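# Topology and contacts: notes
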Amino acid sequence: MKYRVLVAVLMAGLLTACESPDKAGSAKAAVKVGQDTVTEAEIERAMAGVNAAGADQAKLKATVVEALVTQKLLVQEAKKAGLDKKPEVVLDAAAAQRQVLAKAYAESLPGMHEEASAQMIDDFYKKNPNLFSNRRVYRLQEVQIEATQDKIPAIQAQLGKSKTLGEFVEWLKAQGLKGGVASGVKSSEQMPEQMRDKLAGMQQGGVVLVPAPNGIAVLSVAGIQPQSLNLEQATPAIKKILLERKQKEVLEAEVKKLREAAKVEYAEGYAPAATEDKKN
């Protein structure tokens, strides 16, 4: 727990080393670390960024305080060694600051925290039965096969001939194709929409081929357990899905507006492919 909190605080505190003394000194000090301080605001912010649901808050606070003290000591030594002047460190600090500012601006946009209405939630529930009313938990066996496109028709044909998945895997080995069997359990919402819809119409023992990064994958349904969710049970998940969609739409619209209004000039070799094509 202590190590995890330390890592979280160190990673979240990338900007601390670039913080001006005036800003740090304006907050109430909780701990003095040499000529530096750990402020109450820093502690509260660090605690908010640590994912420790159900943890004893007093113990968590003590751990965070010690992690911040450690961070301050490391930063002090880094500055003594002149590491804050190294080009790559300066670039990383600037990148971290840009990320924080961009995230803050995105979160401030109108509509970014707008919750879905009851009607929107009800409509989404009805339009996605495979996620909710027809939700299933699948016990799957998966064979990832490394193969070029010209091999796939033969693989498909053999899959239809094989009586068992084991027999199919043996055939793959005889052909010099790599294919190991892995087992797992997945529910409907843990799958891509296309795969979810394919499996929804299948029975136990069914097999489906799906694209894979280096070839193709075979999914065999070893077991199916219906676990439907009613509207009340599904509402929290639907709210999250709809909020994420809304945030994506708002951010994409804002970025489009900003790009159209800004003058962006690319040096040769850095323009997006579409822009380069227009020049040629």
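For clarity, every value in this text was computed on a predicted model and none was experimentally measured. (Residues numbered from 1 in each chain as written. Predicted model: local features only at pLDDT ≥ 70, side-chain atom pairs only at ≥ 80, totals over all residues. Heavy atoms only, no water.)

Attention now moves to the pairing of strand β5 (residues 207-212). Of the two faces of β5, the one lined by Val 208, Val 210 and Ala 212 is fully buried and the one lined by Val 207, Leu 209 and Pro 211 carries no buried residue. Pairing between β5 and strand β6 (residues 215-226): 6 bridges, direction antiparallel. Residue pairing across strands places Val 208 opposite Leu 219, the latter belonging to β6. Once β5 ends, the chain turns through 2 residues before running back antiparallel as β6. (Buried < 20%, exposed > 50% of the residue type's maximum accessible area, 1.4 Å probe, protein only. Helix = DSSP H or I, 4+ residues; strand = E, 2+ residues; numbered from the N terminus. Pairing = 2+ DSSP bridges.)

The next subject is the packing of helix α3 (residues 40-48) against helix α4 (residues 57-80). At a closest axis distance of 10 Å, the pairing of α3 and α4 adopts a crossing angle of 115°. It follows that α3 is roughly perpendicular to α4 by the angle criterion. The hand of the α3/α4 crossing is right-handed. Where α3 abuts α4, its residues Glu 42, Ile 43, Ala 46 and Met 47 lie against Gln 57, Leu 60, Lys 61, Val 64, Val 65, Leu 68 and Lys 72. Partitioning the contact of α3 with α4 into residue classes produces 7 nonpolar, 1 polar and 3 charged. (Axes fitted to C-alpha atoms, helices over the stretch in contact; angles between N-to-C directions. Parallel < 35°, antiparallel > 145°, perpendicular 65-115°, else oblique. Left-handed = near helix turned anticlockwise from the far one by under 90°. Contact = heavy atoms within 4.5 Å. Nonpolar A, V, L, I, M, F, W, Y, C, P; charged D, E, K, R; others polar.)

Turning to the nonpolar core, a few remarks are in order. With 14 residues, the main nonpolar core has Val 143, Ile 145, Ile 155, Phe 168, Leu 172 and Val 218 as its most contacted residues. Among the elements of the structure, β3 (136-146), α7 (152-161), α8 (165-174) and β6 are those that each provide at least two residues to this core. The element that contributes the greatest number of residues to this core is α8, accounting for 5 residues. For Val 218, the contacting residues outside a window of four places in its chain are Gln 141, Glu 142, Val 143, Ile 145, Leu 159, Leu 165, Phe 168, Val 207, Val 208 and Leu 209. (Core = buried A, V, L, I, M, F, W, Y, C linked by side-chain atoms within 4.5 Å.)

Following both chains from N to C, one finds α7 and α8 inclined at 145°, their axes separated by 9 Å at the closest point. The two elements α7 and α8 cross, and the hand of that crossing is right-handed. Contacts from Ala 154, Ile 155, Gln 158, Leu 159 and Lys 161 of α7 reach α8 at Glu 167, Phe 168 and Trp 171. The class makeup of the residues in the contact of α7 with α8 is 5 nonpolar, 1 polar and 2 charged.

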